[in-house]
Amino acid sequence: MKLSHFNFNLPEELLAEFPAENRDESRLMVVNRKTGTIEHKMFKDIIDYFDDGDVMVLNNTKVFPARLYGNKEKTGARIEVFLLRELNAEQRLWDVLVDPARKIRIGNKLYFGDDDSLVAEVIDNTTSRGRTLRFLYDGSYEEFREKLVELGETPIPKYINREVTPEDAERYQTIYAKEEGAVAAPTAGLHFSKHLLKRLEIKGINFAEVTLHVGLGTFNPVEVEDLSKHKMDSEEMIISQEACDIVNKAKTSKKKVCCIGTTSMRAMESSVSSQRTLNPYIGWTNKFIYPPYDFSIADCMVTNFHTPKSTLLMMVSAFCGHDLMKKAYAEAIEQKYKFYSYGDAMLIL
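Remember, it's a predicted structure, so these values are computed and weren't measured experimentally. (Residues numbered from 1 in each chain as written. Predicted model: local features only at pLDDT ≥ 70, side-chain atom pairs only at ≥ 80, totals over all residues. Heavy atoms only, no water.)

Thoughts on the overall build of the protein
Here is the rule: We count a stretch as a helix when DSSP gives it H or I for four or more residues in a row; a strand needs E for two or more, and each element gets its number in order from the N terminus. To get the radius of gyration, use the C-alpha atoms; to get the globule rule, take the number of residues to the power 0.38 and multiply by 2.2 Å. Here the term buried applies to any residue with accessible area under 20% of the maximum for its type, exposed to any over 50%, and partly exposed to those in between, with areas from a 1.4 Å probe on protein chains only. We call two residues in contact when some of their heavy atoms are within 4.5 Å. Exposure was quantified through the Shrake-Rupley algorithm and a 1.4 Å probe, taking into account, for residues, occlusion by the shown protein chains and nothing else. For the purpose of counting charges, residues Lys and Arg are taken to be positive, whereas Asp and Glu are taken to be negative. His and the chain ends are not included. Charge positions are represented by NZ for Lys, CZ for Arg, CG for Asp and CD for Glu.
Across its full length, the protein carries 7 helices and 17 strands. A globule of 349 residues ought to have a C-alpha radius of gyration of about 20 Å, and the protein, at 21 Å, matches this closely. By principal-axis analysis of the C-alpha atoms, the protein measures approximately 65 × 45 × 40 Å. The buried share among the 349 residues of the protein stands at 52%. Within the protein, counting contacts between residues at least 6 apart in sequence, those at least 24 apart form 71% of the total. A total of about 16,200 Å² of accessible surface is found on the protein, and carbon and sulfur atoms cover 47% of it. For the protein, the distance from the average site of its 46 positive side-chain charges to the average site of its 52 negative ones is 4 Å.

Written out as structure tokens, the structure reads:
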């Protein structure tokens, strides 16, 4: 498979700028790999496809308000600082992206907040836009983290061409988010409402929680024609023994295991035993799943509609089958499904 196999024309008006009014009332396309059929439903109808004992695997990562705006010393130029990950808590060192990057050099200081109470010094260049910052703040570590949350904005994706609203803080977060560390939401999970989770629970569906802290690399389009040459960014992940027990019991009992999102799938596929069972894991993964690929655990998955040439689309192609995926995407465009983070969902059975 080559990169050009994953290109298609996506009309701009199908990129969702806002989420559906109610989480579980976005649209759901149901694609059946055995029969090749495609159905059009609402997300809350997903309950009809699962039974007592089936398992849904959720990524419980929590998005933090990673986008800050500061001013450069002397010139006062407005600079966007996107927090990627904390490198050292004691020294308050962070790996960040800056924009515009050409103005930001080692030794520069940036000031944040109306009162300039938070200052950052650039101590290293990592990539063309990447920098290492040391934050200077007069207060405890807890107070410093509170300050970051106070000054930060919800990191809605760049393609959403509007100002962040207070609603984004709630809607660009799954309702089961627990472990802080993501700079992008695991978007398939955004469709679950409290009410829908309760209904699924009452029907006997079990939930296994894994953690994969979604990084910005998830949005990087692939730029090499030969997919085997693409390098994924590493992301931190945790799979507990409890999650393994829930998933492996379902497999033994011949029940369905459904991954909610590409991130849950990537986490599970990064920690599979030779007997095709799930193993506990704490560490990092840079697994890139593209066709042909033999999936070990999940029988089905929920995922949003992805953009051309994205690694997410490649995983969906590997799971769904390339021709069936192309057919489903053509139908999604024709039926005006909404794409990307705030868009509609697909259930692949």
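A closer look at the packing of aromatic side chains
Here is the rule: Two rings belonging to Phe, Tyr or Trp (six-membered ring only in the last case) form a pair when the distance between their centres is within 6.5 Å. Interplanar angles under 30 degrees mark stacking, angles over 60 mark edge-to-face geometry, and anything in between is tilted. Cation placement over rings: the criterion is NZ of Lys or CZ of Arg within 6 Å of the ring centroid and within 35° of the ring normal.
One pass over the structure, following the stated rule, counts 16 aromatic pairs. With a centroid separation of 4.8 Å and 70° between ring planes, the pair formed by Y293 and F295 is classed as edge-to-face. Of the residues examined, Y293 reaches a relative accessible area of 25% and is grouped as partly exposed. Ring-pair connections join several aromatic residues into one group, and the members of that group are F8, F305, Y329, Y337 and F339. The ring of Y337 carries R27 above its face, with NZ or CZ at 4.0 Å from the centroid. Directly above the aromatic system of F18 lies the positively charged group of R162, at a separation of 4.0 Å from the ring centroid.

Focus on the pattern of salt bridges
To keep it simple, the criterion reads: Every case where a carboxyl oxygen of Asp or Glu lies within 4 Å of a side-chain nitrogen of Lys or Arg is listed as a salt bridge.
Tallying each qualifying case throughout the model produces 14 salt bridges. A salt bridge links E25 to K44, with the shortest nitrogen-to-oxygen separation between them at 2.8 Å. With a gap of 19 residues between them, E25 in the segment before strand 1 (27-31) and K44 in the loop between strand 2 (38-42) and strand 3 (55-59) connect regions that are remote in the sequence. Residues joined in a network through salt bridges with shared partners are R67, E80 and K158.

Topic: the nonpolar core
Rules: Residues enter a nonpolar core if they are buried and are Ala, Val, Leu, Ile, Met, Phe, Trp, Tyr or Cys, with the set joined through side-chain atoms within 4.5 Å.
M29, V57, V247, M268, F339 and M346 are the most contacted members of the largest nonpolar core, which has 65 residues in total. Considering every element that reaches this core, the biggest residue donor is helix 6 (residues 311-320), with 7 residues. When neighbours within four sequence positions are excluded, F339 is seen to be in contact with F8, L10, L14, L15, A16, Y159, F305, H306, Y329, A332 and I333. Membership of the second largest hydrophobic core comes to 24 residues, among which are L83, V96, I104 and L148.

Section: unusual backbone geometry
Residue P100 follows D99 across a cis peptide bond; omega there is 0°. Along the chain, P100 turns up in the loop between strand 7 (93-99) and strand 8 (109-112). That bond from P291 to P292 is cis: its omega, -5°, falls within 30 degrees of zero. Note that P292 resides in the loop between strand 15 (281-285) and strand 16 (300-304). If you check the backbone angles, K254 has positive phi at about 60° while not being a glycine. Here K254 is to be found in the loop between helix 4 (241-252) and strand 14 (257-260). Here Y340, not a glycine, exhibits a phi torsion of approximately 80°, which is positive. Tracing the backbone shows Y340 in the loop between helix 7 (322-334) and strand 17 (345-348). Residue Y340 is classed as buried on the basis of its relative accessible area of 13%.

Considering the domain arrangement of the protein
Let me state the cut-off plainly: Where each domain begins and ends follows an automated or database-derived domain assignment. Buried area: the accessible surface (1.4 Å probe) lost by two parts on joining, summed over both.
Segmenting the protein into domains produces domain 1 (3-63 + 169-348) and domain 2 (67-153). Facing 5 residues of domain 1, the contacting portion of domain 2 comprises 6 residues. Here domain 1 meets domain 2 over a buried area of about 420 Å², counting both sides, of which 61% is carbon and sulfur. Counting across the domain 1 and domain 2 interface gives 1 salt bridge. Its salt-bridge partner being E180, residue R145 comes within 3.3 Å of it at the nearest N-O pair.

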